[in-house]
Amino acid sequence: MILEIRDLVKYYDGFCALHEIQMKVQEGKVHAIIGPNGAGKTTLFNLISGMHDITRGEIWFKGKRLNDLKPHLRTELGIGRTFQIVRLFSSLTVLENVMVGRHCRTNAGLFKTFFKFSMKELDEEKDSREQALKWLDFVGLAHKMDQMASNIPHAEQRLVEIARALSLEPDLLLLDEPAAGMNPKETMVLDALIAKISRMGKTILLIEHNMDLVMGISEIISVLNFGEKIAEGRPSEIQDNPAVIEAYLGKKRGN
Amino acid sequence: MLLQQLINGLMLGSTYSLVAIGYTLIFGVLRLLHFAHGEVLMAGSFMGLYIILWTGLPLYITLPLAMIATGALGLIVEFLAIRPLRKDFHLAPLLSTIGVTIILQNLAVKIFGGYGTKFPEAIKTADFRIGPFLISSAKILIVVISLFLMVVLFFIIAKTKVGRAMRAVSESHVTAGFLGVNVDRVVLVTFGIASALAGAAGVMVGISFHAVTPFIGLTFALKGLVVMLLGGLGNVVGAMIGGLILGLAEVASIVILPTEINLQDIFSFGIMILILIFKPTGLFGSRVTEG
Amino acid sequence: MDYLLSVATIAGIYIIMALSFYLPFITGQISLAQAGFMAIGAYGSAVCTAKWGIPYVPAVLFGGVIAGVLGFVLGVPALRIKGIYLLLLTLGFGEIIRVVFINFNYVGAAEGFPGIPYQKYTGLYAYAVIFILIIFFSRLRNSRMGRAFQAIGNDETAAEVLGVNITSAKLMAFSVGAFIAGIGGGIFAHYQEYIEPLMFGVMHAVEFIVFVIFGGIQIFWGPIFGAFVLTLLPEFFRAIQEWRMEIYGVLLIVMMIIRPQGVIGLDTIQAIEKLFQKAR
């Protein structure tokens, strides 16, 4: 069990976004989180990655309590993420974006940068570039490495975000609606990519609305609605679960 | 003595409120912190000053005239320096308003000189005696006028079509547009109203301080922004109350700690830092979420 | 000839100041305090040479270091504050510095600090510093910290979640920026031979912003270009000199309307590189 969420509660001012969520994420699995809009899925990701504070409860990752840990330290522990709306760095190229992922795995500070006396590049810098290129190639976009990140098509931007998250060598990868805005062909590419990442042994937490993708690729699905977990199980179990159907479609009108 | 200081504080505070309301209105509709708003106040001061100097008109005519003139200045600023900006660079409006500040302040120095200009006696100051206390009617008048303007503004925002449009645009440009609101015009009107209020504040600053310099813009810019932060971004009522609080607090600090150094200005910086660290949404909660 | 040299020297000093603003700016920190840090460097180094007999280079470095330390001090509360509020915080700091020096009798208070030993060939020192800074910034561009700075400037939260320690990065950028400003101040003081608090007011801090925004924000050549051109042009056109500040204001507005990234952008650099390739 790589990630454990215990009694997690999140209040935004008066509004309860998450109410006593329990979740255990098994290592190496593809674990999907689904639910209607506003159910609290992205909030959950934000709490795991540290973007927002936890109101009550705990999050444990690889045996460490994350609650008071600053975001970049959680990343160092091995959590990478992509965002619901793409957040690439607009003044950097595609490759440079992915290289930012290498930041927590390297340590050249200002001093080292300035005071190297040889004209030769820092070995670490060269290594970073190779690693980043490797991950860019992994998502199939090595040929776009020198494009400005904001100049490539939307679906490719999502892939670059994934490459960027992968380059920090995470053990847990949080993917927030990676298929949003993708056409069926692009979604197939994404599907294969997620499978490839999973085969590498990484744990994937996936928020998605595309049910075909979710049902096809996930091993476990947790369903959230109005900040509560209403169901959890294998795809086949979730598909027929009446509470889940009701959450998405409203009460059955008789069948 | 206490009553006098109370009136002083309220008077100072109500000018801060008027400035802060302008900031918060503009922030509401544009998510922009209008750095040059303080210079608009300064312009209002000088306009009021020269209207009185050249025409000798009484205050109840001068004030509306100055407000109209300053409002017009605000419209020009919006039209030339805000509206044409690209939407993709998020720092553009801020930097543009810095540009406006530079222009207005330096023009003022060129036109009016760098030294203070004495504000003529615009109102007959009759001093009232309440018991053993001496209170200047000018100060009370300022408080009354400011409160009146705030009430009028509140009425406009809450009850009129224009006010509803302003609130809609504050929520969302897109949605307001779908509902048939001419967003550009609402922004323009907001700028006009905010600037007119600053102009009123400027005239009253002239009356209460008896002098005007081209450099008061920055001071009031700072105070207004601190008050806006204090009251909550986008929160008009918060700005009203926050201004009064700051005014009273500053007067209190002068009374309690006598020093030659201008501690008042540092006071506002201190408050600003405290708020930003401990309660960034302001005392009364911001009405808008920041980008 | 002498006149040209003096203009070039002043331009050089302002290039240093523009670069001092540019470094924290990359991380999204807009600082109006650089004039204040310049003052600290100016007074600090002047005291060293004029009062304590310390030679020029160590004195200027000393001024820079003190400015850098104070930059660190100011940088800490600045971490939580964004946009216009950072502007106000730094403005306040600059004003506090100025007020302190107005009341600081050891360095002449409001009457100023005369008798600073003139440094021959100040221009050479200024441009030597610029040369070093060019190397620094170009190395920064293709380095881990450089990318981190840009990332923070683009999207601070995303950068943090991707493993960047934004606290230490922003502090670093801010304090080094203050250090550079202090160096500029030190060179300035030993060229002017006389300094007073009024020389380091808010409006000067605003000038540095104008240099950078006009010159270009995407790459460090922008601030260099901006400071150079905007310092030189008024010298050659007396008419501009009188309306200098107003023109700066107009420039700021106009640039935001027609070309927010400034005159020198990545596209400019690429175009220049293409030209060189064709020339081969």
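Keep in mind the model is a prediction, meaning the values are calculated, not measured. (Residues numbered from 1 in each chain as written. Chains lettered and ligands numbered in written order. Predicted model: local features only at pLDDT ≥ 70, side-chain atom pairs only at ≥ 80, totals over all residues.)

(A) Here's a closer look at the overall build of chain A. Helix and strand counts for chain A come out as 10 helices and 10 strands. For 255 residues, the compact-globule formula gives about 18 Å, and the C-alpha radius of gyration of chain A, at 19 Å, lands near that figure. In chain A, which comprises 255 residues, the share counted as buried stands at 42%. Within chain A, contacts between residues at least 6 apart in sequence are counted, and of these 67% link residues at least 24 apart. (Helix = DSSP H or I, 4+ residues; strand = E, 2+ residues; numbered from the N terminus. Rg over C-alpha atoms; globule rule 2.2 N^0.38 Å. Buried ≥ 20, exposed ≤ 12 C-beta atoms within 10 Å, placed from the backbone. Contact = placed C-beta atoms within 7 Å.)

(B) Structural context of the sheet that holds strand β4 (residues 56-61) of chain A. Residues and elements named next belong to chain A. Pairing is antiparallel in the open sheet, where 4 strands are placed in the order β2-β1-β4-β5. Of all strands in the sheet, those bounded by a partner on one side alone are β2 (15-25) and β5 (64-65). Examined bridge by bridge, strand β1 (residues 3-12) and β4 share 5 bridges and lie antiparallel to one another. Of the residues in β4, the one forming a bridge with V9 is R56. Where helix α1 (residues 41-49) meets the sheet, its contacts fall on β1, β2 and β4, and the angle it forms with β2 comes to roughly 70°. (Pairing = 2+ DSSP bridges. Axes fitted to C-alpha atoms, helices over the stretch in contact; angles between N-to-C directions.)

(C) Geometry of the pairing of strand β9 (residues 220-225) of chain A. Residue and element names in this part refer to chain A. Two elements, strand β3 (residues 30-34) and β9, share 4 bridges in a ladder whose sense is parallel. Paired with H31 across the bridge in β9 is I220. Of the pairings in the sheet, the one linking β9 to strand β10 (residues 228-233) comprises 5 bridges and is antiparallel in character. In the sheet register, L224 faces β10, and the bridge partner there is K229. Hairpin connection between β9 and β10: a loop of 2 residues separates the two successive antiparallel strands, and F226 in this loop has a positive phi of roughly 50°.

(D) Region of interest: the interface of chain C and chain B. Each side of the interface is counted separately: chain C has 25 residues, and chain B has 28 residues. For the side of chain C that touches chain B, the secondary structure elements donating two or more residues are α4 (83-102), α9 (202-215) and α12 (244-258) of chain C. No other element matches α12(C), which puts 9 residues into the side of chain C that touches chain B. Of the residues assigned to the side of chain C that touches chain B, the class counts are 20 nonpolar, 3 polar and 2 charged. (Nonpolar A, V, L, I, M, F, W, Y, C, P; charged D, E, K, R; others polar.)

(E) Layout of the interface of chain A and chain C. Facing the 29 residues of chain A at the interface are 24 residues of chain C. Listed by contribution, the elements that provide at least two residues to the side of chain A that touches chain C are α2 (71-77), α3 (94-100), α4 (110-115) and α5 (123-138) of chain A. Examining the composition of the side of chain A that touches chain C, we find that 4 residues originate from one element, α2(A), more than from any other. Of the residues belonging to the side of chain A that touches chain C, the class tally is 12 nonpolar, 11 polar and 6 charged.

(F) Spotlight on the packing of helix α9 (residues 216-231) of chain B against helix α10 (residues 236-256) of chain B. All names here are of chain B. Viewed as axis vectors pointing N to C, α9 and α10 meet at an angle of 120°, and their least axial separation amounts to 8 Å. Viewed along their axes, α9 and α10 adopt a mutual orientation that is oblique. In terms of crossing hand, the pair formed by α9 and α10 is right-handed. Contacts between α9 and α10 involve K223, V226, V227, M228, L230 and G231 from the former and G238, A239, I241, G242, G243, I245 and L246 from the latter. (Parallel < 35°, antiparallel > 145°, perpendicular 65-115°, else oblique. Left-handed = near helix turned anticlockwise from the far one by under 90°.)

(G) Quick peek at the nonpolar core. Formed by 257 residues in total, the largest nonpolar core has its most connected members in A163(A), I21(B), L197(B), A200(B), I16(C), A18(C) and V212(C). If we ignore the near neighbours within four places in the chain, the residues touching A163(A) are V98(A), W135(A), L136(A), F138(A), V139(A) and L141(A). (Core = buried A, V, L, I, M, F, W, Y, C linked by C-beta atoms within 7 Å.)

(H) Region of the structure containing the pairing of strand β8 (residues 203-207) of chain A. Residues and elements named next belong to chain A. Most of β8 sits inside the fold, with 5 of its 5 residues counted as buried. Here β3 pairs with β8 via 4 bridges, running parallel. Each residue of the ladder has a partner; that of A32, found in β8, is L206. As defined by bridge partners, strand β7 (residues 172-176) adjoins β8 across 5 bridges and the pair is classed as parallel.

(I) Fine view of unusual backbone geometry. We note that E169(A) has phi near 55°; this positive angle belongs to a residue other than glycine. With respect to the helices, strands and loops of the structure, E169(A) is situated in the loop between α6 (154-166) and β7. Overall, E169(A) belongs to the partly exposed group, with 15 C-beta atoms counted inside 10 Å. A positive phi angle is found at Y121(C), which is not glycine, with a value near 60°.

(J) Structural context of the sheet that holds β7(A). Residues and elements named next belong to chain A. Spatial ordering of the open sheet is given by β6-β7-β8-β3-β9-β10, a layout of 6 strands whose pairing is mixed. Strands with a single pairing partner mark the edges of an open sheet, and in this sheet they are β6 (79-81) and β10. When the angles between neighbouring strand axes are averaged without regard to direction, this sheet yields 20°. In the packing of α1 onto the sheet, contacts are made with β3, β6, β7, β8 and β9, and the angle to β7 comes to roughly 145°. Helix-sheet contacts for helix α7 (residues 184-199) involve β3, β7 and β8, and the interaxial angle to β8 is about 150°.

(K) Molecular detail of the confidence of the model for chain A. Summarising the model, chain A shows a mean pLDDT of 89, and 95% of its residues fall at 70 or more. Mean pLDDT across the elements of chain A bottoms out in α4(A) (76) and peaks in α3(A) (96). (pLDDT = per-residue confidence, 0-100.)

(L) How the structure looks around the packing of α9(C) against α12(C). All names here are of chain C. At a minimum axis distance of 10 Å, the contact between α9 and α12 shows a crossing angle of 40°. As summarised for this structure, α9 and α12 are arranged oblique, according to the angle between their axes. Once α9 is placed against α12, the crossing between them reads as left-handed. Counted together, M203, E207, V210, I213 and F214 of α9 and M245, Y248, L251, L252 and M255 of α12 form the full contact between these two elements. In the contact of α9 with α12, the residues fall into 9 nonpolar, no polar and 1 charged.

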